[in-house]
Number of protein chains: 2
Amino acid sequence: MPELRKDPISGTWVLISPERTDRPTDFGKELAPPSRSGDCPFCPGNEAMTPPEVLAFPKTGKKWQVRVVPNKYPAVTSGGVADRLGEGLFQGLAGVGIHEVVIESPDHGATLATLPESAVEDVLRAYQSRFHAIEKGGRFPYVLIFKNHGPEAGATLEHGHSQLVALPFVPPRARQELDGALAHFSRENRCIYCDIIDEEEDGPRFVSGNDDFVVLTPFASRFAWEVWLLPRRHRARFGEATEAEGSGLARALKQTLTSLDRALGLPPPYNFIVQSAPFCEDVDAHYHWHIEIAPRLTRLAGFEWATGAYINPTPPEEAARKLRQIMQLASSGRSKA
Amino acid sequence: MPELRKDPISGTWVLISPERTDRPTDFGKELAPPSRSGDCPFCPGNEAMTPPEVLAFPKTGKKWQVRVVPNKYPAVTSGGVADRLGEGLFQGLAGVGIHEVVIESPDHGATLATLPESAVEDVLRAYQSRFHAIEKGGRFPYVLIFKNHGPEAGATLEHGHSQLVALPFVPPRARQELDGALAHFSRENRCIYCDIIDEEEDGPRFVSGNDDFVVLTPFASRFAWEVWLLPRRHRARFGEATEAEGSGLARALKQTLTSLDRALGLPPPYNFIVQSAPFCEDVDAHYHWHIEIAPRLTRLAGFEWATGAYINPTPPEEAARKLRQIMQLASSGRSKA
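Caption draft 1: Broad picture of the overall build of chain A. Helix and strand counts for chain A stand at six helices and 15 strands. For chain A, the spread of C-alpha atoms along the principal axes amounts to about 55 × 55 × 45 Å. Considering chain A as a whole, with its 337 residues, one finds that 49% of them fall into the buried category.

Here it is, written out as structure tokens:
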């Protein structure tokens, strides 16, 4: 029987409905899109095709491994002040913010699953460096770090990259999580994310864990094969992650993405986001930063848009079980070799 | 400069960001999917491929023009009771409900834009008949009627069809609208939708109007070319629409979809939903049923999923202006002919 599950943090509803997987379709599978690395603005040698860089690793000597540039087609504009706009029924804010692109590697075809762990660590270090700089700038209450991988997940360029957006407001989904986490803290005097980590460890939705991170499929997974990575150490903001946590996260992230590739037979399109607390609010006791990975195997259609709820054909317990199997096989393969 | 706009009803945030239209892309346009009308379960002659029909028009004599059948791959299950599931942090409901498909025409390739007005009226009559039957059944608090047109909008079958889902809970987006409408009513003692109709009539976001319906592009359009159709007569539920309103809606809907096809050069993929009040709640004074059409020209990507806010590259004022022009041209063409 399908189950309607409620996310314990945000209150988001998900319909876990395995029968939906068997639906026939008239429409062919999309063809692999053509790649055109020759004139890729993110490839080495084409640096002049992007605005001047904000950051590059390593800083001196050798060629860059990670490069951060302003988005040439920003969703928000960097100049001006986020003034209120409109009046009466129709109000808003000027769309002021920062929109940057993190180029993850000089290699056009590399992904966070195929890059060496140390290179994934460098990407995370670049995120953190920009996160700190924007926090210090004090102009914006919120920084969003996210990634669209593959055209089905909204990527328009193939060369591996992530995005960083500083916004003049706290976005609705972050607000939902903050409100839900505060409600739990008010009742229980505990962080709801810490409670979830305790509850899920070695349970049916537990995928893997290392000293610093726990990987699990959330109870109310909105997407088939959705995976969350949570730091064991309670902190509200991504910027507070330590060097050791950066290594633990790089290891867990690469292992998770590699296992998803194997579980699904080929690298899936996915989005990932770093969920972190706003700079301006005292939410340190009840909020807990983390990373969410959402493979985009089915399209969001009328139901999701109309209801604000989700239909997910893959129970998170099944996804977790398969990911655990794949990780066990990989580690026994390594120990035999 | 991009504008962050707040929807006056639901509070949804949208970033109107015209600069985003010019982005280059590595990825080719998707090829038109193959059609396979031969073994289409919705074509006449293949009635045995669907579960037995719940409703068909006309009821006797001639062949059916509209046919309603249970969804063979339902997201919710029709048997049982919507019991509470789970405990502690992890709670939910059994996924009990009704999931039906409305086959809009015997013609495989017909669409709501190409069907004659009277046939569109029949489709709306079928919606209303099932809406009333489920209301009368008294098992479910909410009925959702929606349509996925084209694979990019989540359709899996090509033959024109809509969907009807009775749910055991009031979905979050309806709740958001109900809450927003109630807040406005508490402050102003007026329906916010009636206020919007008054405010927008002949303004920059006004598209067209007839005796019964107003068509406009909403101030905080989440999608490029989003269009709403609102009945002038204040009623909370779609089931309360009169015969005359059905005709007015069919006319407005066909005209709007035809104009969108012309504006965009080819029929766009789109979702549409009938937003109506729950059966069980006394919201008659402040809620106002309506239809929302959302062309799906860009993909929802990491930003939308991460923030719960939307990026829309086409200002609604620009979309409304072009739709008005197209409708004027069509009507002057008709008057000259």
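Let us keep going from here.
Caption draft 2: Looking closely at the relation of the copies chain B and chain A. When chain B is brought onto chain A, the operation consists of a screw motion whose angular component is 180° and whose axial shift is 0.0 Å, with 0.0 Å RMSD remaining. Taken together, the rotation and translation describe the operation of a two-fold axis. Both copies present the same face, since 99% of the interface residues in chain B are matched by interface residues at the equivalent positions in chain A.

Caption draft 3: Representation of the sheet that holds strand β14 (residues 290–295) of chain B within the structure. Residue and element names in this part refer to chain B. Spatial strand order, β3-β4-β7-β9-β8-β13-β14-β12-β11-β10: ten strands in an open sheet with antiparallel pairing. The sheet is open, and its two edges are formed by β3 (55–57) and β10 (206–209), each paired on a single side. Across the sheet, the mean angle from the axis of one strand to that of its neighbour is 20°, orientation sign disregarded. Summarising the sheet, strand β8 (residues 142–149) and strand β13 (residues 270–275) pair through five bridges and their orientation is antiparallel. Bridge pairing in β13 links Lys147 to Phe272. Its contacts with the sheet put helix α4 (residues 243–264) on β10, β11 (213–216), β12 (227–231) and β14, and the angle it makes with β12 is roughly 165°.

Caption draft 4: Layout of the pairing of strand β7 (residues 98–103) of chain B. Residues and elements named next belong to chain B. Counting buried positions along β7 yields six of six residues, so the element is predominantly enclosed. Pairing analysis gives four bridges linking strand β4 (residues 66–70) to β7, with the strands arranged antiparallel. Directly across from Val69, in β7, lies its bridge partner Val101. Taken together, the six bridges between β7 and strand β9 (residues 161–167) define a ladder with antiparallel strand orientation. Paired with Ile103 across the two strands is His161, which belongs to β9.

Caption draft 5: Fine view of helix α2 (residues 172–188) of chain A. Residue and element names in this part refer to chain A. The end-to-end C-alpha distance of α2, which contains 17 residues, comes to 24 Å, matching closely the 24 Å that a straight helix rising 1.5 Å per residue would cover. Those residues of α2 not exposed but buried are Ala174, Glu177, Leu178, Ala181 and His184. Looking down the long axis of α2, one finds its buried residues gathered within 130° of arc, a one-sided arrangement. Counted as exposed and oriented over 90 degrees from the buried face of α2: Ser186 and Arg187. Elements that come into contact with the buried residues of α2 comprise β8 (142–149), α3 (192–200) and β13 (270–275).

Caption draft 6: Region of interest: helix α4 (residues 243–264) of chain A. Residue and element names in this part refer to chain A. The terminal C-alpha atoms of α4, which comprises 22 residues, lie 32 Å apart, in line with the 32 Å expected from a rise of 1.5 Å per residue. Residues Gly248, Leu249, Ala250, Ala252, Leu253, Lys254, Gln255, Thr256, Leu257, Ser259 and Leu260 constitute the buried set of α4. Downstream of α4 by one or two residues, Gly265 has phi in the positive range, about 85°.

Caption draft 7: View of the packing of helix α1 (residues 117–137) of chain B against α4 of chain B. Residues and elements named next belong to chain B. Taken N-terminus to C-terminus, the directions of α1 and α4 make an angle of 120°; their axes are 9 Å apart at the nearest point. It follows from the interaxial angle that α1 and α4 lie oblique. The chirality of how α1 crosses α4 is right-handed. From α1, Glu117, Val120, Glu121, Leu124 and Arg125 reach across to α4, where they touch Gly246, Ser247, Leu249, Ala250, Arg251, Leu253 and Lys254. A breakdown of the residues in the contact of α1 with α4 according to their chemical character gives five nonpolar, two polar and five charged.

Caption draft 8: The sheet that holds strand β15 (residues 310–312) of chain A, seen in detail. Spatially, β15(A)-β2(A)-β1(A)-β6(B)-β5(B) is the arrangement adopted by the five strands of the open sheet, whose pairing is mixed. Each edge of the sheet is formed by a strand with only one pairing partner; in this case those strands are β15 of chain A together with β5 (84–87) of chain B. On average, each strand axis in the sheet is inclined to that of its neighbour by 25°, with strand direction left out of account. Pairing of strand β2 (residues 13–16) of chain A with β15 of chain A, which is carried by three bridges, proceeds in the parallel orientation. Looking at the pairing, Leu15 of chain A lines up with Ile311 of chain A of β15 of chain A.

Caption draft 9: Spotlight on the confidence of the model for chain A. Predicted confidence across chain A gives a mean pLDDT of 91, with 93% of residues reaching 70 or more. Predicted complex metrics record ipTM = 0.88 and pTM = 0.92.

Caption draft 10: The interface of chain B and chain A, seen in detail. Taken together, the contacts link 72 residues of chain B with 72 residues of chain A. Only β1 (3–6), β2 (13–16), β6 (90–94), β8, α2 (172–188), α3 (192–200), β13 and α5 (302–307) of chain B provide two or more residues apiece to the side of chain B that touches chain A. Classifying every residue of the side of chain B that touches chain A gives 39 nonpolar, 17 polar and 16 charged. The sheet contact formed by strand β6 (residues 90–94) of chain A and β1 of chain B spans four bridges and is antiparallel. Pairing of Gln91 of chain A across the sheet is with Lys6 of chain B, part of β1 of chain B.

Caption draft 11: The arrangement of the environment of Pro231 of chain B in detail. All names here are of chain B. With respect to the helices, strands and loops of the structure, Pro231 is situated in strand β12. Each C-alpha atom of the pair Pro231 and Leu249 lies 8.0 Å from the other, and the pair is 18 residues apart in sequence. Filtering out sequence-adjacent residues up to four positions away, Pro231 remains in contact with Asp212, Phe213, Ala241, Glu245, Trp289 and His290.

Caption draft 12: Structural view of unusual backbone geometry. Residue and element names in this part refer to chain A. Cis rather than trans, the peptide bond between Phe57 and Pro58 has omega equal to -15°. Relative to the assigned elements, Pro58 resides in the loop between β3 (55–57) and β4 (66–70). At Asn189, a position not held by glycine, the phi torsion is positive, near 60°.

Caption draft 13: View of the environment of Phe219 of chain A. On the secondary structure map, Phe219 of chain A appears in the loop between β11 (213–216) and β12 (227–231). A sequence separation of 117 residues divides Phe219 of chain A from Val102 of chain A, and the C-alpha atoms of the two residues are 31 Å apart.

Caption draft 14: Focus on the environment of Pro141 of chain B. Residue and element names in this part refer to chain B. Here Pro141 shows up in the loop between α1 and β8. By C-beta crowding, Pro141 is classed as partly exposed, having 18 other C-beta atoms within 10 Å. Setting aside residues up to four positions removed in sequence, Pro141 forms contacts with Phe169, Val170, Pro278, Phe279 and Cys280.

Quick notes on the rules
- Residues numbered from 1 in each chain as written.
- Chains lettered and ligands numbered in written order.
- Predicted model: local features only at pLDDT ≥ 70, side-chain atom pairs only at ≥ 80, totals over all residues.
- Helix = DSSP H or I, 4+ residues; strand = E, 2+ residues; numbered from the N terminus.
- Buried ≥ 20, exposed ≤ 12 C-beta atoms within 10 Å, placed from the backbone.
- Least-squares fit on C-alpha atoms with pLDDT ≥ 70 in both.
- Contact = placed C-beta atoms within 7 Å.
- Pairing = 2+ DSSP bridges.
- Axes fitted to C-alpha atoms, helices over the stretch in contact; angles between N-to-C directions.
- Expected span 1.5 Å × (residues − 1).
- Arc of directions from axis to C-beta.
- Parallel < 35°, antiparallel > 145°, perpendicular 65-115°, else oblique.
- Left-handed = near helix turned anticlockwise from the far one by under 90°.
- Nonpolar A, V, L, I, M, F, W, Y, C, P; charged D, E, K, R; others polar.
- pLDDT = per-residue confidence, 0-100.

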